[in-house]
Structures are given as C-alpha cells and as structure tokens.
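Structural overview
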Amino acid sequence: MDEMFEQLQAVVDRHEELEGLLSDPEVISDTQRFMKLSKEEGEIRETTEKYNRYKDVVGQIAENDAMLREKLDPEMDAMVKQDLAELNTEKEKLEHEMTLLMLPKDPNDDKNIIMEIRGAAGGDEASLFAGDLLNMYMRYAEKQGWKVETVDETPTEVGGFKSVVIMISGDSVYSKLKFENGAHRVQRVPQTESQGRVHTSTATVAVMPEYDAVDLDIDPKDIRTDVYRSSGAGGQHINKTSSAVRMTHLPTGIVVAMQDQRSQQQNREKAMQILRARVYDYYESQNQSEYDENRKQSVGTGDRSERIRTYNYPQNRVTDHRIGLTLNKLDRIMNGELEEIIDALILHDQTAKLEQLQNG
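Residues numbered from 1 in each chain as written. Predicted model: local features only at pLDDT ≥ 70, side-chain atom pairs only at ≥ 80, totals over all residues. Heavy atoms only, no water.

Along its length, the chain carries 11 helices and 11 strands. Expressed as a percentage of its 360 residues, the buried residues of the chain come to 41%. Look at the contacts in the chain between residues 6 or more apart in sequence, and 61% of them connect residues 24 or more apart. Carbon and sulfur atoms form 47% of the exposed surface of the chain, whose accessible area is close to 20,000 Å². (Helix = DSSP H or I, 4+ residues; strand = E, 2+ residues; numbered from the N terminus. Buried < 20%, exposed > 50% of the residue type's maximum accessible area, 1.4 Å probe, protein only. Contact = heavy atoms within 4.5 Å. Areas by Shrake-Rupley, 256 points an atom, 1.4 Å probe, with all protein chains shown as cover.)

Shown next, in the form of structure tokens:
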C-alpha cells in the first residue's frame, strides 16, 4: 500500500505541474503541446481529486480519534463516534477507487474503433444475424452519443451481410467495446424453416483500435496500391472512373479493398485507415504471448474463434460464456441495451488485474 501512496503522490505532483504549464502563455500558444498536456491533465484529474480527498479524510479521522481520548460528554462522544464511522467507510471506499484508478491502463482505451462483423457458419441465417449484431451495436453507440460510419459492406440477397465494416468514434469507445471480439452464436428458428426447428449459426466480430500515422508508421514501400473500376450499383459515373482502391501490405499479405466512397482519394483514405488497424492487430496477435501476458487473466479480447456469447431467441436469453453471465432480456440487448454486459466484463477484467497486482 505504501508503494501505491508514493505513486499517488507522484500523480498529484504531476497534476500540479501540469496546471502551471497549462496557464503558461508559451504553452497556450503551442496548440499541439497545449492539447497534449490538457489530455494528460484530464486523465489524472480524478485520481488527484480522490487522493486529496483521501488525505482530508485521514486527517479528520486522526482529529476525531484525538477527541475521543479526551473526556467528552455522552452526547458529544456519540456524535464523534458516528462521524468517525462514516469517515472510515469513506476511507475504505476511496482506497478501493484509487486502487482501480492506479491499475495499468490499456493504452488503446480512449481510441476510436474499426469493427468488422462477418456472417460465419450458417449461410443466410448467419448473414442475417450479422445484420442484427450491426443494428445492436449501432443502437448502443447512439445511446453513448458516439458517431457511426459505415466504411465497407457486402450485403446478401436475403437482407443480411456477408461482411460489414464500421468506424465508431467518440469518448472511450475501445474501452467499452474491446470485449466484443470473438464468435457470437445465435440459436433461433430461421424465417425459411417451415418445421419450426431451432438452428445454430455464428457471426464473428473483430474490434480494432483506430491508429493514426503517429501510432503506427507503415513504410509506403511495403504497400502496393491498385486502382480499378467500381462494380455494382452506382450508375455510369462510378463505372467510368477507376475510383476503387485495393491496398496490399506486402510483409503480412493483408489486403483491403475499398469502393464505397465517392472518390478515389476517399477510398484511399478509408482503405489506409483499415489497413493500419489490421496490420497493427496482426502484429499484436503475433506477439500476444510476450506482448500481453495478463490477457490470460482477463476476459479475453483477442481470439476471434473463441465463442464468447450465445443469443437464444426462443428463451429470450443471452449468455456470456467468459464470465458465466446469463440475462433473460435478449430483446432489450438486441435493441442496444448492452450496458449490463459491458459493465460486468469491465468489472471482471478489473478484478483479474487487481488479483494480479496483489499476487505479483
């Protein structure tokens, strides 16, 4: 605990230093530096406030203890004891909150994401379920005040998606959606099933943080870019011009094709965004064992083949297999009410990290 208080004091000292820097005219005139320092100040503000309050509470507890050692009248004695009980409860609560705040943070938590949803096993039914998952995430994003943009899509004739790629931007998107990575299984009676039998199908979800050029520097020599004419609906204009773009990252063999945007330039930008995310995701999973040992203790954010959740329509039930959580409110969850599942996953992850910290 002493080590944690030393770290907390260092955070408080840094916060004080940042407040001074942010009022320095030289820093204010340098927009990039000012934004960077403002972001850092925002990230440690809550920890600073909690620790300062904690020191106040500890001081008040010491004062009350000293008063109790004196001979007080019964009424005053009872008041001080009640006050002391409340302060000790607050002290415990603050200690827990500060411990959580000091847990190692995932550096990607505040990033936007690129999400890929694909119909997997189950043919048409899998593609329809991919569409249902897309709708669920879009509604959840709307509730969070996030922006959703469709980057690329391959629809199917039955109204679902073979694959769809969206970008979700906003506050701490990755921190809330990173646990969605994996295989999602649905159990329901397909619309085409005349016998009323329940079928099982799957769709996979990949969640990748969005990286800009500062985060991940890809050598332009490692990218081969081909341009070609867009296919499909879009009228004469699209078919006459080579606006579609295919980018290949030669070292990994990752290919991104983009034709949904209006111009070749826009397709290039979107393709590059997705390529950067996929390349980073590829290298991260390659180095997974040494790169992030603690993922073994967490709820798992990596393996896309891992079956993470089952959506059972006949029983209106959703089960997250990683944490053993079952909720009988599938209708509400498919309507974007994901908070209960996401909060439980975050809590599970924090608990695992706490145990690791205490045992380490």
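On we go.
Taken together, the 3 strands give an open sheet; going across it, the order is β6-β7-β8, and neighbouring strands pair in antiparallel fashion. Of all the strands in the sheet, just β6 (223-228) and β8 (254-258) have a single pairing partner and so form its edges. Within the sheet, the average angular offset between the axes of one strand and its neighbour, ignoring direction, is 15°. Where strand β7 (residues 244-249) lies against β8, 5 bridges are found, and the strand directions are antiparallel. Looking at β8, one finds that histidine 249 is bridged to isoleucine 254. (Pairing = 2+ DSSP bridges. Axes fitted to C-alpha atoms, helices over the stretch in contact; angles between N-to-C directions.)

With that settled, consider the nonpolar core. The tendency in soluble globular proteins is for nonpolar side chains to be buried side by side. Counting 34 residues, the largest nonpolar core has Met115, Ile117, Leu133, Tyr137, Leu177 and Tyr311 as its most contacted members. Of all the secondary-structure elements, those providing two or more residues to this core are β1 (113-119), α5 (123-144), β3 (161-169), α6 (173-177), β5 (199-209), α10 (330-334) and α11 (339-359). It is α5 that contributes the most residues to this core, 8 residues altogether. Not counting residues within four places of it along the chain, the set of residues in contact with methionine 115 comprises Tyr137, Val164, Val165, Ile166, Leu177, Val205, Ala206 and Val207. Listed in part, the 18 residues of the second largest apolar core include Met208, Ile218, Met247 and Met258. (Core = buried A, V, L, I, M, F, W, Y, C linked by side-chain atoms within 4.5 Å.)

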